[in-house]
Amino acid sequence: MTATLVAKDVAGGFAHRTLFEGLDLTVAPGDVVGVVGANGAGKSTLLRILAGDLEPLEGTVSLAPPDAFVGWLPQEHERVPGETVAAYVARRAGCTAATRAMDDAAAALADEGAGPGGVDPADVYAAALDRWLASGAADLDERLPAVLADLGLDSAMVRPDSTPMTALSGGQAARVGLAALMVSRFDLVLLDEPTNDLDLDGLARLEQFVHDLRGGVVLVSHDREFLARSVTRVLELDLAQNTTTVFGGGYESYLEEREVGRRHRREQYDEYADKKADLVARARTQREWSSQGVRNAMRKAPDNDKNRRRAATESSEKQAQKVRQMESRIARLEEVVEPRKEWNLEFTIGAAPRSSSVVATLADAVVRQGDFVLGPVSIQVDAGERIGITGPNGAGKSTLLRLLLGRQVPDEGRASLGASVDIGEVDQARADFTGGGRLVDRFSERVPDWTTADVRTLLAKFGLRADHVEREVDDLSPGERTRAGLALLQARGTNVLVLDEPTNHLDLPAIEQLEQALDGYDGALLLVTHDRRMLQNVRLDRTWVVDHGRVTER
């Protein structure tokens, strides 16, 4: 079934704060709309409204046909304790809800009498059965193993006694999430950060999936290359200007049009402000001349009261008329509102004294973890060296980092860490900022020499203000935890910087600022990322590819 979604004059947010308003959007079959904006602009809120999970503050959202099957895949994978891979996929693909609705309808059909409001239970059951069939639940168990195997996952994951979702790595969970998307049969798909934790192969498959969909897609993503390859239109939620704008064309076209629009708005305001300032200055001068003219007339005719009054009156009236003309011209000016300055994450990476000339060395190092073997690996990281690390999920990148940083002892070979090494790290799980306790307390533990006031001031510069720092760490969004990790890099000096998928959950302006900060950093850098634009933009000396337990240089 093909479906069209229409949002009309929609406002979203919460009772105490409106994030966006006046939003008009039509998503027809074949449309791929990318939603962009700073963290906190309301992107995830918008997807929830479009999915029917959240009521808009104003406006309406409609579907044609009304019973279209809409899939909303939230940003985080919502791993439920004890839930198997098969159960997770069924829930994520909408099959579980469709099955539950059909079972409830069947139970109601077995009872005698009409349903609520006189609805015929047979009609309810027929509709539920149609939805169940449309969801693909009937043959999901047959289709899923092949999809998992194609994604490099063990097809035995579908067994009831298989590893639960909570035991999977971030990369494995991302691939299972991709599998759920690939087996789904939604008429319209809403995707929130679908690229997080996917490797290059997974990204290529996701791009192909989106390209092949017949139905419409609305997606939120901070992966610039994915946006450039996938979207047909861009919806920008501009928190600073309080505007919602739909840009035709793809992502690159949006960037160009946005930049031109910003420049024109600034030029229009500057022209208006200069013209208004000139007229105000001229009006002020006319007033001064009027006052001076009266004083001069009084001095020239001190003994003739009649002449003095006439001269004062004539001068005053002429100058007053000129003043009124200036004020009228000012009033007729079409006001141009000054563009509001956008908040940007601006930071630097704190520097520590230089480490030894050799930061880390692996000599024929081997690590065995069950059936997986990394190595033998012989590599060296020198002071100030910048290394990019890529490779499929599960290939051994995290194990390699643990070896280099002295956190794991090799089963064979040798690993050594240099002297005076100060490691700064943003790990994939953002482990520094998980668990209980307030953010301000957790951050203060890591910089004990700082006052609480200094901690709050720094976090505020990273967009983490009073309402954030008082929250429990686990209540922060993934993007907020990432910004806290970046703030820690500025607060603590480092000469060896380790970034593991740093762009996950960061908005586009923050990613660009991170790239600028890395450009000015002169310590050693180990950058693990699947962000293709970041690999292009960040200056690297070498690139290591980790695949099947082997490390090669590209």
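Keep in mind the model is a prediction, meaning the values are calculated, not measured.

Q: Is there a simple way to explain the overall build of the protein chain in this structure?
A: The secondary structure content of the protein chain amounts to 17 helices and 18 strands. For the protein chain, the C-alpha radius of gyration of 31 Å lies well beyond 24 Å, the compact-globule estimate for 554 residues. Oriented by its inertia axes, the alpha-carbon framework of the protein chain measures out at about 115 × 80 × 40 Å. A buried classification covers 45% of the 554 residues belonging to the protein chain.

Q: How should the packing of aromatic side chains be read in this particular structure?
A: Scanning the entire structure with this criterion turns up 6 aromatic pairs. Look at F247 and Y254: their rings are 5.0 Å apart centre to centre, the planes differ by 70°, and that puts the pair in the edge-to-face class. The residues F247 and Y254 share a single accessibility class, namely buried. Aromatic side chains F347 and F462 sit 5.4 Å apart centroid to centroid with 55° between the ring planes, which places their arrangement in the tilted category. Separated by 115 residues along the polypeptide, F347 in the loop between α10 (305-332) and β10 (358-369) and F462 in the loop between α13 (452-461) and α14 (466-469) bring together distant segments of the chain. Among the aromatic residues, ring-to-ring pairing joins F247, Y251 and Y254 into one connected group.

Q: How should the pattern of salt bridges be read in this particular structure?
A: Where charged atoms from two side chains of opposite charge come close, those side chains can pair. By the definition in use, this model includes 28 salt bridges. Put simply, E207 and R532 hold a salt bridge, and the shortest N to O gap is 2.8 Å. Of this pair, E207 sits in helix α7 (residues 200-212) while R532 sits in helix α17 (residues 532-537); the two residues are 325 residues apart in sequence, bridging distant segments of the chain. R532 matches E207 in its accessibility class, with the two residues each being buried.

Q: What exactly am I supposed to notice about the sheet that holds strand β11 (residues 372-382) here?
A: By definition, the strands of a sheet pair up through backbone hydrogen bonds, in either a parallel or an antiparallel sense. Strands sit in the order β11-β10-β13 across an open sheet of 3 strands; the sheet is antiparallel. The open sheet terminates on both sides in strands that have one partner only, identified here as β11 and β13 (412-417). Across the sheet, the axes of successive neighbouring strands diverge by a mean angle of 15°, strand direction being ignored. Taken together, the 8 bridges between β10 and β11 define a ladder with antiparallel strand orientation. Counted as the bridge partner of V367 is L374 from β11. Across the sheet, helix α11 (residues 397-404) lies against β10, β11 and β13, angled at about 130° from β10, the strand it touches most.

Q: Could you clarify how one ought to interpret the environment of L109 in this entry?
A: Position of L109 relative to the elements: it lies in helix α3 (residues 95-110). Spatially, the C-alpha atom of L109 lies 8.4 Å from that of V124, the residues being 15 residues apart in sequence. The contact partners of L109, leaving out residues within four places of it in the chain, are P121, A122 and Y125.

Criteria and thresholds
Residues numbered from 1 in each chain as written. Predicted model: local features only at pLDDT ≥ 70, side-chain atom pairs only at ≥ 80, totals over all residues. Heavy atoms only, no water. Helix = DSSP H or I, 4+ residues; strand = E, 2+ residues; numbered from the N terminus. Rg over C-alpha atoms; globule rule 2.2 N^0.38 Å. Buried < 20%, exposed > 50% of the residue type's maximum accessible area, 1.4 Å probe, protein only. Phe/Tyr/Trp six-rings, centres within 6.5 Å; stacked < 30°, edge-to-face > 60°. Salt bridge = Lys/Arg side-chain N within 4 Å of Asp/Glu carboxyl O. Pairing = 2+ DSSP bridges. Axes fitted to C-alpha atoms, helices over the stretch in contact; angles between N-to-C directions. Contact = heavy atoms within 4.5 Å.

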